[in-house]
Amino acid sequence: MESSAVVVNDVRQELHLVTQVPGPKSVELQKRRVDAVSSGVGATLPIFVQKAAGGIVVDVDGNSLIDMGSGIAVTSVGNSASEVVDRVTKQAQAFTHTCFMVTQYEGYVEVCEALNRLTPGTHAKRSALFNTGAEAVENAVKIARAYTRRQAVVVFEHAYHGRTNLTMGMTAKVMPYKHSFGPFAPEIYRMPLSYPAHDGLTGSEAAAHAISRMEKEIGSENIAAIVIEPIAGEGGFIVPAVGFLPALVAFATAAKAVFIADEVQTGFCRTGNWFASEHEGIVPDVIVTAKGIAGGLPLAGVTGRAEIMDAVHAGGLGGTYGGNPIACAAALGSIATMERENLAEKAIHIETVMVPRLSEIADESGVIADVRGRGAMIAVEIVDRVSRKPDATLTTAIAKYCHAHGVIVLTAGTYGNVLRFLPPLIISDDLLNQALDIIQSAFAELAPSGN
Ligand code: PLZ
């Protein structure tokens, strides 16, 4: 079937299903997967990918699905974005690895310079590179402890920081992340998060509550770091009430504790600014980045005040692969694309397309308690129409309907009742609207009003 749809990297930017989802080839591969891959590794959709570009993922059966997940907020510049591919190809041909701790290369330095330039604050900064978000969060905590010579780490309700031992302990939700995997690291203290749709508190009220608990239960002089996602991601795209984050920063500064923003999911233009910290003008002492930084290659960064980052003894930070040259090349391609195409602004545009339509679906269906998020990080919280309690069953059913109709959506939330959208920032309005049409029919079919 011919159409006028835009083509990116040979991939027509159009939803097009030629088989059921999953199709026969994916079903065959799924059988091999079950026999070969640990069942502990989950998958949102039982399909296998052949190609992906722009806002479309093509599976092995030839189905073209709309990507509203970006591989969990990673391919913000689009899958196989041209500048990422070009730089990665050149770098792979030049050299694939030396280990930056053995013989150094410019790409690593260039990525650190970019991080120091782009992250909030004009103070002197230093960065260090790692492979994953979790590894970077762990290193941020190591650095904060070395700098302060204190131990306590403050985290928040609904937080997600990773799956390593320390970051599991920092993560709030037990299932699936922590169940049966303890014991967890000590000296982690969980404080209440501002959650406007649930607690009804202003930002300063919620902060006062958290601060009073920190003072009573930990003691300001014992706190090494306060670690927080400016918007809780896996926890359900919870945007804290205005004033909450600035009050925590002020408290951290007074307590001489390190304020660490985990911007692994929110960073790199996702929320309509380079970093979500900027929406309230906060300047974190340390900022952790990953995901969107490198267009799909594994790379993560810790960036912070020079005096904090340089407080660690020489050789105290590192790892075999951290800041691998190919991942650095990908990051430089991804950052250049974001700057050239002004993708932060594009994220705001995505919000202006999505939020009115999701609000319309909320009015029609009566089962959406909250439409929230910033930029291209938008979610709806789904509740039972009558009891207004979280409805995880309906949320899963809606996600499955979207998958079967060719739209890749993700769920989230401590109560499993959040449907979240993280489209690539380069997605076309056409694709976005097609995806919203299908989301709308999912609600119309599975939560018909008037019942
Ligand atoms: N901090 C804020 O969102 C990763 C996890 C998916 P890694 N989020 C997706 C899953 O189920 O494993 C994340 C995050 C925030 C840290 C991390 C961890 O990043 O690169 O997955 O280690």
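Counting starts from 1 at the beginning of each chain's written sequence and moves along it residue by residue. In keeping with the model being predicted, local features are shown solely for residues with a pLDDT of at least 70 and side-chain atom pairs are shown and tallied solely at 80 or more, while totals for entire chains, interfaces and linings include all residues. Excluded from the side-chain calculations are hydrogens and water; all other atoms, namely the structure's heavy atoms, are used.

Secondary structure elements follow DSSP: runs of H or I no shorter than four residues count as helices, runs of E no shorter than two count as strands, and numbering proceeds from the N terminus. Counting secondary structure elements, the protein contains 14 helices and 17 strands. C-alpha atoms define the radius of gyration, and 2.2 Å times the number of residues to the power 0.38 defines the globule rule. Compactness check: the protein gives a C-alpha radius of gyration of 22 Å against a globular reference of 22 Å for 451 residues, within 12% of the reference. Across its three principal axes, the protein shows a C-alpha extent of roughly 65 × 60 × 45 Å. A burial count over the protein gives 54% of its 451 residues as buried. Long-range pairs, those at least 24 residues apart, make up 73% of the contacts in the protein with a sequence separation of at least 6. Three labels apply to residues, based on accessible area from a 1.4 Å probe with only protein chains included: buried if under 20% of the type maximum, exposed if over 50%, partly exposed otherwise in between. We call two residues contacting when some pair of their heavy atoms lies within 4.5 Å.

It is worth spelling out the side chain of Thr-337 at this point. Here Thr-337 lies in helix α11 (residues 325-340). The definition of a polar contact used here is a pair of N or O atoms within 3.5 Å, where within protein one atom must be able to donate a hydrogen and the other to accept one, and adjacent residues in sequence count solely through side-chain atom pairs. Only 2.6 Å separates the side chain of Thr-337 from the backbone oxygen of Gly-333, close enough to count as a polar contact. Look past the residues within four positions of Thr-337 in its chain and what remains in contact with it is Val-77, Glu-83, Asn-342 and Leu-343.

Neighbouring the ligand are 15 residues, the closest being Gly-133, Ala-134, Arg-163, Asp-262 and Gln-265. Between the ligand and Glu-234 there is a distance of 3.4 Å, counted from a nitrogen atom to a side-chain nitrogen or oxygen. Contacts to the ligand include Lys-291, whose side-chain N or O atom sits 3.1 Å from a nitrogen atom. Computed by Shrake-Rupley with a 1.4 Å probe, the accessible areas treat only the displayed protein chains as cover when residues are assessed. Across the complex, the protein chains shield 82% of the 520 Å² of accessible surface that the ligand would expose by itself. Here a residue is near a molecule or strand as soon as one of its heavy atoms is found within 4 Å of it.

Take the nonpolar core next. Each nonpolar core is a collection of buried residues, namely Ala, Val, Leu, Ile, Met, Phe, Trp, Tyr and Cys, held together in the definition by side-chain atoms within 4.5 Å. Ranked by internal contacts, the top residues of the largest apolar core, which has 125 residues, are Met-68, Phe-156, Met-214 and Phe-443. The dominant element in this core, judged by the number of residues it contributes, is helix α12 (residues 343-365), at nine residues. Beyond its immediate sequence surroundings of up to four residues, Met-68 is in contact with Met-354, Val-407, Ile-408, Val-409, Arg-420, Phe-421, Leu-422, Pro-423, Ile-427, Leu-432 and Ala-435. With 10 residues, the next largest nonpolar core counts Ile-231, Phe-237, Val-239 and Ala-412 among its residues.

This part takes up the sheet that holds strand β15 (residues 407-408). Here the rule is simple: two strands pair whenever DSSP picks up at least two bridges between them. Taken in spatial order, the four strands line up as β3-β4-β5-β15 in an open sheet, and their pairing is mixed. In the strand order of this sheet, the two ends are held by β3 (49-53) and β15, each with one partner. Summarising the sheet, strand β5 (residues 64-67) and β15 pair through two bridges and their orientation is parallel. Counted as the bridge partner of Asp-67 is Ile-408 from β15.

Turning next to the sheet that holds strand β7 (residues 152-156). Taking strand neighbours across the sheet as the criterion, the seven strands line up as β6-β12-β11-β10-β9-β7-β8 in an open arrangement whose pairing is mixed. Each edge of the open sheet carries a strand with a single partner, namely β6 (125-130) and β8 (188-191). Averaged over all pairs of adjacent strands, the angle between their axes in this sheet comes to 20°, without regard to strand direction. Across three bridges, the pairing between β7 and strand β9 (residues 223-228) is parallel. Lines fitted to the C-alpha atoms define the axes, with helices restricted to the stretch that makes contact. Angles between their N-to-C directions range from 0 to 180 degrees.

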